[in-house]
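As a plain string of letters, each chain reads:
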Amino acid sequence: MSATGIGVAVKRKEDFRFLTGRGNYTDDINQPGQTYAYILRSPHAHAKINGINTDAAKAAKGVLAVFTGEDMAGVGGIPCGWGVNNKDGSPMNEPPHPALAIGKVRHVGDQVAVVIAESYAKAKDAAELIEVDYTELPAVAHMEAALADGAPLVHDDAAPGNLCYDWELGDEAEVDAEFKNAAHVVSIDLTNNRLVPNAMEPRAAIGDYNKGTGEYTLYTTSQNPHVIRLLMGAFVLQIPEHKLRVVAPDVGGGFGSKIYHYAEEAIVTWAAGKVRRPIKWVAERSESFLSDAHGRDHISHADLAIDADGKFLGLKVYTKANMGAYLSTFSTCVPTYLYATLLAGVYTTPKIYANVKAIFTNTVPVDAYRGAGRPEATYLLERLVSKAARQLGMDQVDIRRKNFIPADAFPYQTPVALQYDSGDYEATLKKAMELADWNGFPARKAEAAGRGKLRGIGISTYLEACGIAPSAVVGSLGARAGLFESANVRVHPTGSVTIYTGSHSHGQGHETTFAQLVSETLGIPIDNVTIDHGDTNRIAFGMGTYGSRSLAVGGEAIMKALGKVVDKASKIAAHLMEASPEDVEFKDGKFTVAGTDKEVDFGTVALTAYVPHNYPHETLEPGLEENAFYDPMNFTYPGGCHICEVEIDPDTGVTQVVNMTAVDDVGRVINPMIVEGQIHGGLAQGIGQALLESCEYDESGQLISGSYMDYCMPRADNFPGFQATTESTLCAHNSLGVKGCGEVGAIGSPPAVINAVLDALADRGVEDISMPATPQKIWQAIQSASVPAAAE
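Here we look at the pattern of salt bridges
Considering all chains together, one arrives at 41 salt bridges under this definition. Across the salt bridge formed by Lys 280 and Asp 27, the nearest N and O atoms sit 3.1 Å from each other. Separated by 253 residues along the polypeptide, Lys 280 in strand β12 (residues 279–282) and Asp 27 in the loop between α1 (15–19) and β1 (35–41) bring together distant segments of the chain. Overall, Lys 280 belongs to the buried group, its relative accessible area being 5%. A relative accessible area of 40% places Asp 27 in the partly exposed class. Close ionic contact of Lys 571 with Asp 567 constitutes a salt bridge, the shortest N to O distance being 3.6 Å. Of the two residues, Lys 571 and Asp 567 are both situated in helix α15 (residues 550–576); the distance of four residues between them amounts to about one turn of the helix.

Take a look at the structure:
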């Protein structure tokens, strides 16, 4: 093993510049002659625009231009990147999404006008002078209201009603047949609460136009700049891709919310072409609540059929998924192909049926948020399994073990399309129980009771699909882009290496992890490796970072390109050592000839490639640089077991997470420190959803949790010291054996937390509680429960 290669906890290379204030984020970029944009947003959830008077704003000091939807009428709308068909085969309802509202606004925060001025303050002041004549219309903020007979239509030309699609997976009749043979049927109704992403860096965009070349440049806080270029160039601005450069510099977190093509990116880029000067827009935090795509927001009913021995026979799931007012880039696939296909989980349930209704409401669009469909599926399944154990009088662990997919059953074909390649769910369960001291819980519960506290323990055994691909499969399911990844490996004459990758880092540590792959493969120091990403003019093409795909897809592309480099370098080395290429071996940065003491180091070969005085010109071109694309044959399938232990004060409802154990199978671990950090971050977000966070709208469509005064973000004192480790099986279809770690913490933890809360409240007669399990909600549940405190 190289000292900086695979499996080593190398400190992150990128952290020095971040910790010393030398990062280069979008708002750090300032162009000569730069102007500033302020976007006027709708105060209404639903209203007709009768007219917009911009005269006073245009006349304000320092204002260059004011644009409305009518000015952008010739520009294409913001596209959706994934088509989903109804269960009858007809296409989904896909209404237009103008960058600036035309004729009507459909959610609080909808873009109405943009002011371009010499400073942000002047633009913001001028926006107050714009007069918009609205006729307020009835709004539907919640899914039940949106589907009701006679409900106001979010889109007038959208039919039927506010339904985007009615989709199904599986054969309902076949599943019903299993239910007829069931000894028990367990049902559950769940809400997966809406969340606001809240990345540390708010979104920002700078549009620029070169009137000499006719080229546009967009600097943006994006997780996938090539996808933004593709969508905005082809569908919105309708210009050739080579006339549009998209640069995503350092990005301060995304969690999925920076995958999508947003209206603000199109607005500033288009407007820069009109005013012939660069335009910067940076969201205020309160603006982010109104404009960043939200996450989750499902309402589900599920039924589980179980035989007399506790084996699962069939599962039926009916879910309503909120789309918000418009279709965001990947919104349509989240509650379908990233959700229903995961409903088998880690279990051998033979028959599964899922029906998903996607619904338009007068709210901010909803799209992928850390885990994207996988947390929603896991929460439903693990809450249902725990309820089944209680209802049948079975042990929480035993019911899971009885239904696990055995370790020797892989590859395993599920009834919901996916085929798992590897896993050992018993191993992760066993290790988690040991670390959490599962058997010692009764003593801890008794000790807590002596202090007047309610103590509970909850478990979640989960699986996810990530490494999002392959292109042929997702294309057949409605994806409107490929999901491969690309890499370019450029070896310099001195032997140092630059990697150009289509993956994008926004906190994952690519500059370290990818460099470790190079260090391991080429035997060079990690400091001799540079990772370059985020600029469509420098990277051949790439699909970006989301769905825990960086290593499983982007890393594999790098490995393919490195393999080509080693192959060519071996031929150069063979020439230098006067040997046959078939006899050359490469290890630890040295080329040797088998059975001899001849050797040449990688640096010498690199220099020879660029100074080819002694070189096999007949068979090789000079230089040492290779490209590769990688399109995987399957998803990867991380899994694991999370165990949560909580204490609840019954007098106040305050819950303290006293222990959180996570044992995850993420495949081969490239950097243990980075993997642990990723899991910690996911656990924080999962616990936040379970206990604290909820995005709330009132009946009129007003956002009532639009700041940190009302939207409760988790803090350090909400968490214990996490016990996070790995127990891995290798992915069977990529050379690295990696699966992915970026989302596992947010997937397995919410049901473990709520199961622990319900375990603590069981003696008080509380059978159900929804996320977030706030102190008020828990206190109210205790007060209204059937078992008084004296009965303990």
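From this point, things continue past the structure.
Quick look at the environment of Phe 67
Along the chain, Phe 67 falls in strand β3 (residues 63–68). Here Phe 67 falls in the buried class, since its relative accessible area comes to 12%. In sequence terms Phe 67 and Leu 380 are 313 residues apart; their C-alpha atoms lie 45 Å from each other. With sequence-adjacent residues up to four places away left out, Phe 67 is seen in contact with Leu 100, Ala 113, Val 114, Ile 116, Trp 270, Ala 271, Lys 274 and Val 275.

Thoughts on the packing of aromatic side chains
Taken as a whole, this structure holds 22 aromatic pairs when the rule is applied. Linked through ring pairs, Phe 312, Tyr 347, Phe 404, Phe 410 and Tyr 425 together constitute an aromatic cluster. Above the ring of Tyr 262, the side-chain terminus of Arg 203 is found at 3.6 Å from the ring centroid.

Details of the packing of α15 against helix α16 (residues 602–610)
Running from N to C, α15 and α16 cross one another at 90°; their axes reach a closest spacing of 10 Å. Overall, the two elements α15 and α16 adopt an arrangement that is roughly perpendicular. Between α15 and α16, the contacting residues are Val 565, Ala 569, Ile 572, Ala 573 and Leu 576 on the first element and Phe 602, Thr 604, Val 605, Thr 608 and Ala 609 on the second. Taken together, the residues of the contact of α15 with α16 sort by class into eight nonpolar, two polar and no charged.

The rules we used
- Residues numbered from 1 in each chain as written.
- Predicted model: local features only at pLDDT ≥ 70, side-chain atom pairs only at ≥ 80, totals over all residues.
- Heavy atoms only, no water.
- Salt bridge = Lys/Arg side-chain N within 4 Å of Asp/Glu carboxyl O.
- Helix = DSSP H or I, 4+ residues; strand = E, 2+ residues; numbered from the N terminus.
- Buried < 20%, exposed > 50% of the residue type's maximum accessible area, 1.4 Å probe, protein only.
- Contact = heavy atoms within 4.5 Å.
- Phe/Tyr/Trp six-rings, centres within 6.5 Å; stacked < 30°, edge-to-face > 60°.
- Lys NZ or Arg CZ within 6 Å of the ring centre and 35° of its normal.
- Axes fitted to C-alpha atoms, helices over the stretch in contact; angles between N-to-C directions.
- Parallel < 35°, antiparallel > 145°, perpendicular 65-115°, else oblique.
- Nonpolar A, V, L, I, M, F, W, Y, C, P; charged D, E, K, R; others polar.

As far as function goes, none of this settles anything; it's purely spatial.
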